[in-house]
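# Overview (structure and organization)
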Amino acid sequence: MTSSASLPPMRARLAMTVTAAATALTMAGSATAVAASPPPEPKAPRAFVALSSVDPTILQEMRYTRAHNFVGEPVDGYREPVCILTLPAAQALHRAQVRLLRQGYSLKVYDCYRPQRAVDHFVRWAKDLGDERRKAEFYPRVEKSRLFEDGYIAEKSGHSRGSTMDVTMVRLPARTAPRPRPGQESVPCYAPRAERYPDNSVDMGTGFDCFDTLSHTDDPRVQGEQRGNRDLLKSALAAEGFVNLPEEWWHFTHKPELFPDTYFDFPVARRSVAGHRP
């Protein structure tokens, strides 16, 4: 190959110009490729752990990774069915589990840390008044237009701070919930337990995420075994520093919160807490 040094001056300058232009195009292409690459997903702070690393006996049924929920589809940000919490919340939940195991029960979580992108998904869904796929089961007595006003949906959630979880109890030995019968997804969430969507948890009077006043923890209409189950769950968790949300028997926050003013958005996935140890 002939070098530019052996060419006449005009041709040498032309060769150098062409070479420089090709180099610039190559660099621009590389920069474009870098710019087009999606940014890396954020990871959780070290203070977050997978609940299973603290207590593998607590059952997990992470509802928002699949379509059976009030939205009717898997929710944004839920990549894997794994419960992630701040370490103090996970340790306190472990202590409550030890307390309940002695009485023949296990805790079961439905949701734990919730990324902000999932909350945004809820908000978009709530504003779409034409999407009522799951109304018959989850909010049959509430107009969708009132979900914000009645406090069922909000633009920020304590779940995104990492110390809040949705939890119930399962009588031991834990049995797998039966497969739903045809049409059972249209049965109201406050119907008798044998009629509504099956769950292997104890009877709390309503199903999880039931947008109804009957879900209020101390609703006086809830009596007998259902009242006893709610009171047992609440007392076991309260003994370890958890505060219940009065409107939802399943919703508890460990106090004091490690991140009381921060709303995180890393995805619910094992890689988000990879290498984090209690």
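Only a predicted model underlies this, so the values are computations on that prediction, with no experimental measurement involved.

## Here we look at the state of the cysteines
Overall, the coordinates contain two disulfides when judged by the stated rule. Through a disulfide, Cys83 is tied to Cys112; the S-S separation comes to 2.0 Å. Judged by the torsion about the S-S bond (-100°), the Cys83/Cys112 disulfide is left-handed. With Cys83 in the loop between β2 (59-60) and β3 (84-86) and Cys112 in the loop between β4 (105-111) and α4 (116-127), this residue pair connects regions lying 29 residues apart in the sequence. Taken as a pair, Cys83 and Cys112 share a single burial class, namely buried. Bridging Cys189 to Cys210, the disulfide has an S-S length of 2.0 Å. Around the S-S axis, the bridge from Cys189 to Cys210 shows a dihedral of about 65° and counts as right-handed.

## Let's talk about the nonpolar core
For soluble globular proteins, the rule of thumb is that nonpolar side chains tend to be buried together. Grouped together as the largest cluster of nonpolar side chains are 60 residues, with contacts concentrated most on Leu93, Leu107, Val109 and Met165. Elements supplying a minimum of two residues to this core: β1 (48-50), α2 (51-54), β3, α3 (87-101), β4, α4, β5 (164-171) and α6 (224-238). Setting aside its immediate chain neighbours within four residues, Leu107 contacts Ile58, Leu59, Leu93, Ala96, Gln97, Leu100, Val167, Thr168, Met169, Leu233 and Leu237.

## Considering α6
Taking 1.5 Å as the rise per residue, α6 with 15 residues should run 21 Å; its terminal C-alpha atoms sit 21 Å apart, in good agreement. Within α6, burial applies to Arg227, Asn229, Arg230, Leu232, Leu233, Ala236 and Leu237. On the buried face of α6, the contacting elements are α3, β4, β5, β6 (242-244) and β7 (251-254).

## Some points on α4
For α4, with twelve residues, the first-to-last C-alpha span of 17 Å sits near the 16 Å given by 1.5 Å per residue. Most of α4 sits out of view: nine of its twelve residues are buried. Residues Gln116, Arg117, Ala118, Val119, His121, Phe122, Val123, Trp125 and Ala126 constitute the buried set of α4.

Each value, and the rule that gives it
- Residues numbered from 1 in each chain as written.
- Predicted model: local features only at pLDDT ≥ 70, side-chain atom pairs only at ≥ 80, totals over all residues.
- Heavy atoms only, no water.
- Disulfide = S-S within 2.5 Å.
- Helix = DSSP H or I, 4+ residues; strand = E, 2+ residues; numbered from the N terminus.
- Buried < 20%, exposed > 50% of the residue type's maximum accessible area, 1.4 Å probe, protein only.
- Core = buried A, V, L, I, M, F, W, Y, C linked by side-chain atoms within 4.5 Å.
- Contact = heavy atoms within 4.5 Å.
- Expected span 1.5 Å × (residues − 1).

Any functional reading would require information that these geometric values do not contain.
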